[in-house]
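# Observations on chain architecture
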Amino acid sequence: MERKVSRIYLASEPDVVHFLQVAWEKTLGSGFVITLTDGQSAWIGTVRESKISQEADDMAMEKEKYVDELRKALVSGAGPADTYKFNFSKDSCHFSFDKNLKDVSFELGSFNLEKVADPAEVIRKLICDCLDTIAENQAKNEHLQRENERLLRDWNDVQGRFEKCVSAKEAVETDLYKRFVLVLNEKKAKIRSLHKLLNEVQEPEKNMEHERETATRSEVTADRDAVYDESTDEESGTPPNPSVLAPATLRRDDSIISSPDVTDIAPSRKRRQRMQKNCGTEPKMASQEHQLQEKEKFHI
């Protein structure tokens, strides 16, 4: 059974300290036993689950929320001291407690208690329960202290390993950076050498291209000078070269012949040529006949 003891002050006797013990088996909502004492007298009562459910219905609250309010008021003492007000009548043995919300106060619960015939035994048991609780809490504190010390040692160990890992990481990074710098410098040197070789290969090609351009320009200049000289010869009255004029004349004749507007003069030209041949050959034939006649007379 779990027990919790708290110190309260009654509204009717604010200067007298009372001790309130609440004990329950499973949960606070399944029912509990309440004990009240002022150090001389003691009162005890049992609150059943049906009573808790009835009180929750009267308060128009859910049972879980009502049990949470009971825990705050009777067990944990949560909130300021003036949040809950306790009332107890020694004549009627009626115990009740209210909750204050600003200017509003409402009754949270009320139970009927019975006066104990032998309060000394109840007080002794209450003191023993308090001592047991203190011992239990002390044992928990010692266990937690040992656990904290172990966690601190583990933390120091982990911190030491972490520092070693950080140092090793920095060393690896430094080594990798040095290697990277070496590789980078080698790559840069290779790139520079390749650029140098490329420039050496491209330089002769550039020179050859320059020479070709120079030769081409000189040839173009020579052609221009030749054309200029020919035009100068024509202007100076030099007779044109027949070989030069012939193609032009032939082209001109061909164009004239192929033109549809020009009539064909080839037959008349042929007739003149035949007439000229005939005129040229008649004297020759007469002279030949005369010679033959002279030869025949000589032989006779």
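Residues numbered from 1 in each chain as written. Predicted model: local features only at pLDDT ≥ 70, side-chain atom pairs only at ≥ 80, totals over all residues. Heavy atoms only, no water.

## Some remarks on the sheet that holds strand S3 (residues 31–37)
Note the following rule: DSSP bridges decide pairing: two strands pair if at least two such bridges lie between them. Runs of H or I in DSSP of at least four residues are treated as helices and runs of E of at least two as strands, each being numbered from the N terminus. Residues count as neighbours in contact if any of their non-hydrogen atoms are within 4.5 Å of one another. Between N-to-C directions, angles span 0 to 180 degrees; the directions come from axes that are lines fitted to C-alpha atoms, helices contributing only their stretch in contact.
An order of S1-S2-S3-S4-S8 is seen for the five strands of this open sheet, with the pairing classed as antiparallel. Unpaired on one side and paired on the other, strand S1 (2–9) and strand S8 (114–115) mark the two borders of the sheet. Pairing analysis gives eight bridges linking S1 to strand S2 (residues 17–24), with the strands arranged antiparallel. Its bridge partner being in S2, Arg3 is matched across the sheet by Ala23. Here helix H1 (residues 49–58) sits on the sheet and contacts S3 and strand S4 (42–48); the angle it forms with S4, its principal contact strand, is near 75 degrees. Relative to S2, helix H2 (residues 63–76) is tilted by about 130 degrees, and along the sheet it contacts S1, S2 and S3.

## Examining the sheet that holds strand S7 (residues 104–112)
Taken in spatial order, the three strands make up an open sheet running S5-S6-S7, and their pairing is antiparallel. Strand pairing shows two members of the sheet lacking a second neighbour, strand S5 (84–89) and S7, which therefore form its edges. Each adjacent strand pair in this sheet contributes to an overall mean axis angle of 20 degrees, direction not counted. Bridge count for S5 against strand S6 (residues 94–101) is six bridges, and the pairing is antiparallel. The residue bridging Tyr84 from the neighbouring strand is Lys99, located in S6.

## Structural notes on the packing of aromatic side chains
Here is the rule: Note on ring pairs: Phe, Tyr and Trp rings are taken, using the six-membered ring of Trp, and paired if centres are within 6.5 Å. Classes follow the plane angle, with under 30 degrees stacked, over 60 edge-to-face and the rest tilted. To sort residues, take the accessible area from a 1.4 Å probe on protein chains only and compare it with the maximum for the residue type: under 20% means buried, over 50% means exposed, and anything in between is partly exposed.
Under the defined criterion, the tally for this structure stands at six aromatic pairs. Aromatic side chains Phe32 and Phe111 sit 5.9 Å apart centroid to centroid with 90 degrees between the ring planes, which places their arrangement in the edge-to-face category. In this pair, Phe32 is assigned in strand S3 and Phe111 in strand S7, connecting sequence segments 79 residues apart. Taken individually, Phe32 and Phe111 each receive the classification buried, so the pair is uniform in this respect. Ring geometry for Phe95 against Phe97: centres 6.2 Å apart, planes inclined by 40 degrees, an arrangement best described as tilted. Classification of Phe97 as buried rests on a relative accessible area of 0%. Among the aromatic residues, those joined into a cluster by ring pairs are Phe32, Phe86, Phe95, Phe97 and Phe111.

## Remarks on the state of the cysteines
Cut-off, in case you're wondering: To count as a disulfide, a pair of cysteine sulfur atoms needs to be within 2.5 Å.
Throughout the structure, instances matching the rule amount to zero disulfides. Free of any disulfide, Cys130 has its nearest cysteine sulfur in Cys128, 9.1 Å distant.

## What about unusual backbone geometry?
Of note in this structure, Ala60 is not a glycine but carries a positive phi near 55 degrees. The topology assignment puts Ala60 in the loop between H1 and H2. We classify Ala60 as exposed; its relative accessible area is 71%. Located in the positive-phi region is Cys93, a residue other than glycine, with phi close to 55 degrees.

## Focus: the packing of H1 against H2
In plain terms, the rule: Any angle that falls under 35 degrees is termed roughly parallel, while one over 145 is termed roughly antiparallel, one within 65 to 115 roughly perpendicular, and all others oblique. Classes in brief: Ala, Val, Leu, Ile, Met, Phe, Trp, Tyr, Cys and Pro nonpolar; Asp, Glu, Lys and Arg charged; the others, Gly included, polar.
With their axes 9 Å apart at the nearest point, H1 and H2 run at an angle of 105 degrees to one another. In terms of orientation, H1 lies roughly perpendicular with respect to H2. Contacts between H1 and H2 involve Glu49, Ile52, Ser53, Glu55 and Ala56 from the first element and Lys63, Tyr66, Val67 and Leu70 from the second. For the contact of H1 with H2, the residue count by class is five nonpolar, one polar and three charged.

## Some remarks on the side chain of Thr37
What counts is decided by this rule: Contacts described as polar in this section are N or O atom pairs within 3.5 Å, which, within protein, must combine one atom able to donate a hydrogen with one able to accept it, while residues neighboring in sequence count only if both atoms come from side chains.
With respect to the helices and strands, the residue Thr37 is situated in strand S3. Relative accessible area serves as the criterion here: at 2%, Thr37 is assigned to the buried category. Within the local environment of Thr37, its side chain forms a polar contact with the backbone nitrogen of Gly39, the two atoms lying 3.1 Å apart. In this structure Thr37 touches His18, Phe19, Ala42, Trp43, Ile123 and Leu126, once residues within four positions along its chain are discounted.

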